[in-house]
Amino acid sequence: MDQENFNNDDIQLAQSGDSRAFERLFCPVRAYAKGLAHRFFVNGWDKEDLYQEALAGFATALSL
């Protein structure tokens, strides 16, 4: 997925801490993040924790 799929205004708002803008940006990749969490699941780990890591990674990418 390239940056053209994202609204630049939402990117700037999310970078400034707007949680609604972050949600609008993350929504299209939510299924992908959940799929990765399922793919990399290890017995004894919590799938929701892996999904939260994906959210954190996405947030970090927005700050770059």
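Only a predicted model underlies this, so the values are computations on that prediction, with no experimental measurement involved.

K.L.:
Explain the packing of aromatic side chains here, please?
P.N.:
Remark: the centre distance and the inter-plane angle together describe each pair of aromatic rings, the angle taken between the planes. Inspection of every chain in the model, using the stated rule, returns three aromatic pairs. Here the aromatic rings of Phe 22 and Phe 58 are separated by 5.5 Å at their centres, their planes lie at 70°, and the arrangement is edge-to-face. Taken together, the residues span a long stretch of sequence, with Phe 22 in helix α2 (residues 19-26) and Phe 58 in helix α4 (residues 47-62) at a distance of 36 residues. Each member of the pair, Phe 22 together with Phe 58, is buried. Put simply, the rings of Phe 22, Phe 26 and Phe 58 touch in pairs and so form one group of aromatic residues.

K.L.:
I keep staring at the environment of Asp 10 and nothing clicks. Help me out?
P.N.:
If you trace the backbone, Asp 10 turns up in helix α1 (residues 8-15). Along the chain, Asp 10 and Leu 62 lie 52 residues apart, while their C-alpha atoms are 10 Å from each other. Residues within four places of Asp 10 in sequence aside, it is in contact with Ala 21, Arg 24 and Leu 25.

Definitions and limits used
Residues numbered from 1 in each chain as written. Predicted model: local features only at pLDDT ≥ 70, side-chain atom pairs only at ≥ 80, totals over all residues. Heavy atoms only, no water. Phe/Tyr/Trp six-rings, centres within 6.5 Å; stacked < 30°, edge-to-face > 60°. Helix = DSSP H or I, 4+ residues; strand = E, 2+ residues; numbered from the N terminus. Buried < 20%, exposed > 50% of the residue type's maximum accessible area, 1.4 Å probe, protein only. Contact = heavy atoms within 4.5 Å.

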